[in-house]
Amino acid sequence: MGNNIESGRKGLEKGDGNRQRYVDMMSDAGFKAVFGDKGNKEVLVDLLNLLLPKHRKVEEITYATTEIQGLTPSTRGVRFDLRCRGADGTTFIVEMQRGSQEYFFKRCISYTSKVYDADTEKGKSKDKSPGYDIPPVYLIAILEESMPHADDTLWTDEVVSRYTFMETRTKEFADETIFTIFVELGRFKKGLDECETLMDKWCYSFKNMGTLEDMPQEMEKDVFGKLFDCAEIAGFDMEKRLIYEKDMYTERDRIAREAFLEKKGREEGRKHGLEEGKMEIAGRMIEAGMPLEQIASLCGLTEENVRELMK
């Protein structure tokens, strides 16, 4: 967990808005400022259409009220849960996941299943009995790290993984129900001059925007000019700026608290290890028949400690 906290700390330490021009897209606050703003729909639609299947193109979305507990526990990771709907009722959930979590894939399936089940009411038949013509649910998770894969050699140059229900032999889809899509930024190592595709540029933006002083010339085309405009802190109105600063303060405080607990845990573990080491050496000295007083002196123990070991 140490590397996660350290990377989070570096990404937020410029978060006073005076020295940092653009939000850190991989922070909770920055992610929310860009994608949670309804005025930035065009940017979100562009990202969705890049990641979704070709037949699932989004032209318009509405922002749904989140009524189901978020994917991530409130004490760790992203707290902002963005849910929106396409014109046909399809639900899209967009998450930023900073750091690893145990059983994360199972969390995703559990969460999307709850959202899918909640839409059963919308699928009621004409006689008002429960119906199951339910619009699909897509979870798009932007991950700071990578998903575990059985064969990593198959994922060397791939950053997007997609999962859904499929017949294992024929690869046939039974129906369009639940899809989980992961953008695994831990696999993305390219510099700006190596970015060839739109996905490359999105990944580069997520990983680097918070440290850039100006928008790179290579990013002026497509949707990226709009993305950088949306992410420029100086362009926020007063209300949005105050919310952003409050969210950043909360996030920095959380990361600092986690870092302190991690450091404390390391110190306690080291102390515990030293004590165990002393006891082991003292035990060997006892077996060798050394005097009690000498053992206590050499090992930094009390004579009572040594007597307890002798028992």
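Residues numbered from 1 in each chain as written. Predicted model: local features only at pLDDT ≥ 70, side-chain atom pairs only at ≥ 80, totals over all residues. Heavy atoms only, no water.

> What should I look at first to understand the overall build of the protein chain in this one?
From N to C terminus, the protein chain includes nine helices and six strands. For the protein chain, buried positions account for 45% of its 311 residues. Contacts in the protein chain between residues far apart in sequence, at least 24 positions, make up 61% of those at least 6 positions apart. Accessible surface computed for the protein chain: about 18000 Å², of which carbon and sulfur atoms make up 51%. (Helix = DSSP H or I, 4+ residues; strand = E, 2+ residues; numbered from the N terminus. Buried < 20%, exposed > 50% of the residue type's maximum accessible area, 1.4 Å probe, protein only. Contact = heavy atoms within 4.5 Å. Areas by Shrake-Rupley, 256 points an atom, 1.4 Å probe, with all protein chains shown as cover.)

> Can you walk me through the side chain of T180 in this structure?
Topologically, T180 is positioned in strand 6 (residues 178-184). Here T180 falls in the buried class, since its relative accessible area comes to 1%. When sequence neighbours within four positions are dropped, the list of residues in contact with T180 reads F105, C108, I109, T112, L139, S161, R162 and Y163.

> In this structure, what is going on with the nonpolar core? I would like to understand it.
The nonpolar side chains of a soluble globular protein tend to be buried, and buried together. Judged by nonpolar contacts, the single largest core of 54 residues is most densely connected at F35, L44, W202 and F206. Ranked by residue count, the leading element in this core is helix 3 (residues 41-51), at six residues. Not counting chain neighbours up to four residues away, the residues in contact with W202 comprise F35, V43, D46, L47, L50, V223, F224 and L227. Membership of the second largest hydrophobic core comes to 14 residues, among which are I93, Y116, A141 and M147. (Core = buried A, V, L, I, M, F, W, Y, C linked by side-chain atoms within 4.5 Å.)

> Please explain the sheet that holds strand 4 (residues 137-143) as it appears in this structure.
Across a sheet, strands are paired by hydrogen bonds formed along the backbone, either parallel or antiparallel in direction. An order of 1-2-3-4-6-5 is seen for the six strands of this open sheet, with the pairing classed as mixed. Two strands close off the open sheet at either side, each with one partner strand: strand 1 (61-63) and strand 5 (160-164). Sheet twist, expressed as the average angle between the axes of neighbouring strands with direction ignored, equals 20°. Strand direction decides the pairing type here: strand 2 (residues 82-86) and strand 3 (residues 91-97), joined by four bridges, are antiparallel. Across the sheet, R85 pairs through a bridge with T91, a residue of strand 3. Docked against the sheet, helix 2 (residues 28-35) engages strand 1, strand 2, strand 3 and strand 4, running at close to 150° with respect to strand 3. Most of the contacts of helix 4 (residues 104-118) go to strand 6, to which it runs at about 140°, and overall it touches strand 2, strand 3, strand 4, strand 5 and strand 6. (Pairing = 2+ DSSP bridges. Axes fitted to C-alpha atoms, helices over the stretch in contact; angles between N-to-C directions.)

> Looking at this structure, I do not really get the pairing of strand 4. What am I missing?
Along any regular strand the residues' side chains alternate between the sheet's two faces. Of all seven residues that make up strand 4, seven are buried, and the element is covered over most of its length. Residues of strand 4 alternate between two faces, with V137, L139, A141 and L143 on one and Y138, I140 and I142 on the opposite face, all of them buried. Where strand 3 meets strand 4, seven bridges bridge the pair, whose relative direction is parallel. By the bridge assignment for strand 4, E95 is matched with A141.

> Explain a negative patch on the surface to me, please; I cannot follow it from the model alone.
Together, D193, E194, E196, E218 and E220 line one region of the surface with negative charge. Mapped onto the elements, E194 comes out in the loop between strand 6 and helix 5 (198-208). The class of E194 is partly exposed, set by a relative accessible area of 42%. (Patch = residues over 30% accessible without salt bridge, like charges linked within 9 Å, V, L, I, M, F, W, Y side chains within 5 Å. Salt bridge = Lys/Arg side-chain N within 4 Å of Asp/Glu carboxyl O. Lys, Arg positive; Asp, Glu negative; His and termini not counted. Charge placed at Lys NZ, Arg CZ, Asp CG, Glu CD.)

> Explain the state of the cysteines here, please?
Covalent bonding between the sulfur atoms of two cysteines defines a disulfide. Evaluation of the coordinates by the stated rule reveals zero disulfides. Unpaired in terms of disulfides, C203 finds its nearest cysteine sulfur in C195, a separation of 8.2 Å. (Disulfide = S-S within 2.5 Å.)

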